[in-house]
Each structure stands twice: as structure tokens, then as C-alpha cells.
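Listed below, chain by chain, are the residues.
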Amino acid sequence: MRIIIVGNGIAGTITAQNIRKLDHDVEIIIYSKEGYPYYSRIKLPELISEKVIIDDLIVFKEDWYKNNNIEVQLNKKVKKILPDDKTIFVEGENESVSYDKLILATGSMPNLLPIKNALEMLNNGVFTLRNIDDALKIHDYIKTNNVKKAVIIGGGLLGLELAKQIKNCNLDTTVVEFFPRLLPRQLDIDCGGMLKDIIENMGINVELDAVTEEIYVDKRVKGIKIKDGREVEADIILIQAGIRSTINLAKEANINTNHGIKVNQFLETSRRDIYAVGDCIEYQNQTWGIIPACIEQSKIVSHAVLGKDTLEYKGTIPKNTLKIIGVDLTSIGLFDPEDKDLIGAGWEILKNIDEKSNCYKKIIIKDNKLKGAILFGDKKAVPYVSKNIEKNISDYELRKAINLYEWICQNCGNIYDEAKLELLFKDLPVDWKCKCGAPKNTFKNKNLN
Amino acid sequence: MDYNDFNIIIMFLLNIILNNLKEFEFSLLYRIYNLKKEEKYMAKWECTACGYIYDEAEEDTPFEDLPDDWLCPVCGVDNNGYPITT
């Protein structure tokens, strides 16, 4: 049996790895339009700032493919699928290649916003960042054009990670975000404010509530105009405003698509023996575009192509980590139940805010089930929360994981619950007293003893 | 420096004095001392898939001693991480 995988990103590669673990003999061929074996996209910003070289990015080198008996065809763009013949065509080659099972892992591409002059100046002062070639283009443009000021459009994870490395290139750096806070898809307004302070302390300017309307051009890029009249000067503009699934190849083969390639619970597309995995899929009207989803889906699809239909995809709980050295931030699941009326009806929000050490931990619980969390400034609780998301949790273990305790007065039995009050017990003034008049040191930690 | 380090250094110095800086003993002890130091080195491991950093200084278990079925707590991948320096 021959399995062909289109795309050599994380979803395609981990799928190949999983298939090989399940079956030693099946033939696996990966086609990639890029010229590099599987590399880490999350490190692309560091390529621009010269913190790493291309070789550092490569996760699986040639010997990995050889040891796992996986064939990888680089610089080979698949241009056409004939689902009825079960063949594909590669650009520049006349002969078709046949498959028994085809897996589309075509990934996603950056959103190019409808900003005046953005398309005209693309790759000439305006850039997006998705692959090694993009990073090299940005790097070269900065080096050869005496670039002093940079604007990053998009204050999401990718935008901030890029901004940090652009700042490391010693450029005057500004992040422009459409929403009134940074990381709108991962943070609530309080935590967004704390993050903004940290980002600004790194010397990065932040413009919020900013809809970029136009890119000023005078032969070269000069800056941007924001809808409310603000202007920011820039010699280079980097757009990191989300991604969209790459669906062209599937669409042209008459495979059902919407925002992504539509799949069922086994990650099968609408055509027989064609599957899809990763950023390019749409399942139950949802697309993902996050690494944990790629990993989870690659397990499902590898079972499915081998006819082991035992695993069913149920969607992936959103989980994101900001990858800036010195800032620990993970956001999982539901982080901001907006309807205030919900609070009380089985919903519980626990917060541990320590502004002095820039710590913000928020846990969302419904009917004793962990529904989501923001963990900022302290990643010790990340494994606990990841493991227990959507599961019933014990109060004791949760409190231990996020260091929120109940303190009990030895005198009158009054309980000071840090989870429900603004101040942590340790931050109460020394002369603070219990309702019964007992001093602070009369209290004992109820959970730890 | 903790109590163990202190002990090793005292032993080291005492031995140097007792052995009157005999060249052979010196090099052997010196090597043992360095080995002890290496054992205590706390590495940072970065997940090859998602970039999650496993910092041995903050965890109870050295990365190499984690069970084989250990998964990255953020992305769930079961690849080995690789050491990084920051």
C-alpha cells in the first residue's frame, strides 16, 4: 500500500511518524513544495534576528527519513489530484503518481488584510511570515535597506513573537492590534493589560484599537495610517494577522471545502481514500491552526488510513503558549466567560493575581469540571491544567497547583479564601485582623495541613 | 553552592594539602570534582514541536528520567525534546 502525504509541516510529518509506528511496511511518500525537511515554524522569527541558523530549525534531518523508511520529495509542489484515478500530478513533471491513500496536510497561509497598498508592496517592504524563505526575505530587506523602524500588524501570538525578535534586530518596533487588548483570543482584559506593560518594558510600542487603513508609500514603504487618524512611521511592515486554511488543491479536485477542507470524525474528506489533517481541515464548522490540534489529528488520521477506525476526532480544546523568553503564558480552553449571569449557575472563577511578580492565574470551573485557564508568569500549573481540562477536579489538587489556599482562624474558625478575595493572604498588612479580633498569625493554612 | 558542593571543595582542598600536590592525585580528584559538578547541571529542554520549555530547575524530575510515555504538557507530542541554552 502506498500512502502519499501532501505537506511536510508538523501535521504531515507527525502523521507519517505515527503511521510508521503502527505499520512497518506501508510505503509513505511526503511531497513538499518547500526545499527543507521538517522544520520548526515557531523559530522563524529567530532566523530573522540571527539567533538561529537554518540548520537549527530543522527538526528531522535526512537520516530521520531514512531510519523511518519515509520518502520525502522536496521542492515538489503537488498541482493536481485526480480522485477517480487515485493519482496526483507534481508541478514540472508529466508522469502522474498513484496512491492508495492520500493525506492532505497543506497547512495554512497568512491572512493578507484589505489594507491599501498592502498587496502592491508585498515582498517589497510589506511582508508576511510563514516559511523559511519569508524569513530570509525579511532578514535581507532589513540588512540592505537601512531599515530603522518596523510595524507589526497583529498583536496575536505570532505578531508578538515576531515583534520581540524584530526588536532584537535593534529596530524601533511597534505592534498594531485591532482589538482593545493584546492576544484577544487568549487573554481577558486584565491579563492583556499586564502583558502590555511587559511588552512595552521590552521597548516595543503597542497601539491598540487600531484598524490599519493604509500603507504610506513613497517609492518605498513609509508608514501606516490607522482609521482613527493615528500614524506610525515604518520602513518595513510585517503582517501577522491570523491564518487561513490552504484549500485550493482540494477545491480544484472537487473535494468539499468551506473555510477549510471538510472532514468527518475519521478525518476523511468527501472523496474516498482522501484524508486531511492539520491547519487545512474544517471539522464541525471549526478550524484550528494550533499545534496541539495537529498532534491530536495526526493520531486519528494515521489510524484511519490504516483501516483502524477505532479513534474518532472530537475537536481539540484551544491551547496556546506565548513563546517569548522571560514571559510564561499559557491559555487553555474557555478563558473569559463573558456572560456575567453564568457566574453562580455552576460557574466558578478562581483568580490568583500577584501584580508585584507579574503573576496572573485564572481558572474557570463549571460543575466541578475544569473548563479553562490563563496561566501567566508561572508555568508550574501548566501540566496540571493540561491534564485535567474538561475533567472533574479535586479542590485540594487544584489549589495546590495554582497556589490558592484557604486560611482558617484558629480562634473562631473564620475562613479567608484567597480564591474568592482580591488579596492573597501573604499580601495582607501585618496588622490585619480577623473578624474576631485575632491577629494574622492566628491563621493556619487549611489546605496544606 | 549547597552543602554538597561545599563538602566536595573541602575534601578537594584537604586532599591537595595532604598529598602535597602530587600531580597524579591532583588530576584525578580534579576530574571527580568536575564530574560531580556536571551532575548538578540543570538543563532546559525545548519541545521540538511546540517550543514548550521543560526547565529542570523548576521540575522534580530530570528530563532524561521521565517515563517513555511522557507527553509534552502543551501540545501532547511524544518526541524527545532537545537541550537548549538561553
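Residues numbered from 1 in each chain as written. Chains lettered and ligands numbered in written order. Predicted model: local features only at pLDDT ≥ 70, side-chain atom pairs only at ≥ 80, totals over all residues.

Check the secondary structure of chain A and you find eleven helices and 28 strands. The principal-axis extents of the C-alpha atoms in chain A amount to approximately 90 × 60 × 40 Å. Expressed as a percentage of the 449 residues in chain A, the buried residues total 42%. Within chain A, residue pairs in contact and separated by at least 24 positions form 60% of the contacts whose partners lie at least 6 positions apart. (Helix = DSSP H or I, 4+ residues; strand = E, 2+ residues; numbered from the N terminus. Buried ≥ 20, exposed ≤ 12 C-beta atoms within 10 Å, placed from the backbone. Contact = placed C-beta atoms within 7 Å.)

Attention now moves to the overall build of chain B. For chain B, the count of helices and strands is two helices and three strands. In chain B, the order of α-helices and β-strands from amino to carboxyl end is α-α-β-β-β. Restricting to contacts in chain B with at least 6 residues of sequence separation, those with at least 24 account for 50%.

How big an interface is tends to be expressed through the accessible area that disappears when the partners come together. The partner chain B presents twelve residues to the 18 residues of chain A that form the contact. For the side of chain A that touches chain B, the secondary structure elements donating two or more residues are helix H1 (10-22), helix H9 (291-305), strand E21 (319-324) and helix H10 (382-388) of chain A. A total of four residues in the side of chain A that touches chain B trace back to one element, the largest contributor, which is H9 of chain A. Of the residues contributing to the side of chain A that touches chain B, the split by class is ten nonpolar, four polar and four charged. (Nonpolar A, V, L, I, M, F, W, Y, C, P; charged D, E, K, R; others polar.)

Here we take up the domain arrangement of chain A. Residue and element names in this part refer to chain A. Assigned domains within chain A: domain 1 (2-109 + 244-305), domain 2 (126-241) and domain 3 (329-445). When each unit is reduced to the centre of its C-alpha atoms, the spacing between domain 1 and domain 2 is 30 Å. Listed as interface residues are twelve residues of domain 1 and, on the opposing side, 13 residues of domain 2. Taken together, the elements giving at least two residues each to the side of domain 1 that touches domain 2 come down to helix H2 (44-48) and helix H3 (54-57). Per-element accounting of the side of domain 1 that touches domain 2 gives the leading share, five residues, to H2. By residue class, the composition of the side of domain 1 that touches domain 2 is nine nonpolar, one polar and two charged. (Domains from an automatic or database assignment.)

For the rest of this paragraph, the subject is the pairing of strand E3 (residues 70-73) of chain A. All names here are of chain A. Covered by surrounding structure in E3 are Ile70 and Val72 only, the residues Glu71 and Gln73 on the alternate face being uncovered. Relative to E3, strand E2 (residues 27-31) is paired through four bridges, and the arrangement is parallel. Note that in E3 the partner of Ile30 across the bridge is Val72. (Pairing = 2+ DSSP bridges.)

It is worth spelling out the pairing of E2 of chain A at this point. Remark: a regular strand shows side chains that alternate across the two faces of the sheet. Residue and element names in this part refer to chain A. In this sheet, E2 lies alongside strand E1 (residues 2-6) in parallel orientation, the contact comprising five bridges. The residue of E2 that forms the bridge with Val6 is Tyr31. Running through H1, the crossover from E1 to the neighbouring parallel element E2 is right-handed. (Right-handed = clockwise from strand over helix to strand, strands pointing away.)

Next up on the list: the sheet that holds strand E13 (residues 212-218) of chain A. Residue and element names in this part refer to chain A. One open sheet holds the three strands; their spatial order is E13-E14-E15, and the pairing between them is antiparallel. Every other strand in the sheet has two partners, leaving E13 and strand E15 (231-233) as the edge strands with one partner each. Between one strand axis and the next, the sheet turns by 25° as a mean value, whatever way the strands run. Bridging between E13 and strand E14 (residues 220-226) involves six bridges; their strand directions are antiparallel. Across the sheet, the residue bridging to Glu214 is Lys225, located in E14. (Axes fitted to C-alpha atoms, helices over the stretch in contact; angles between N-to-C directions.)

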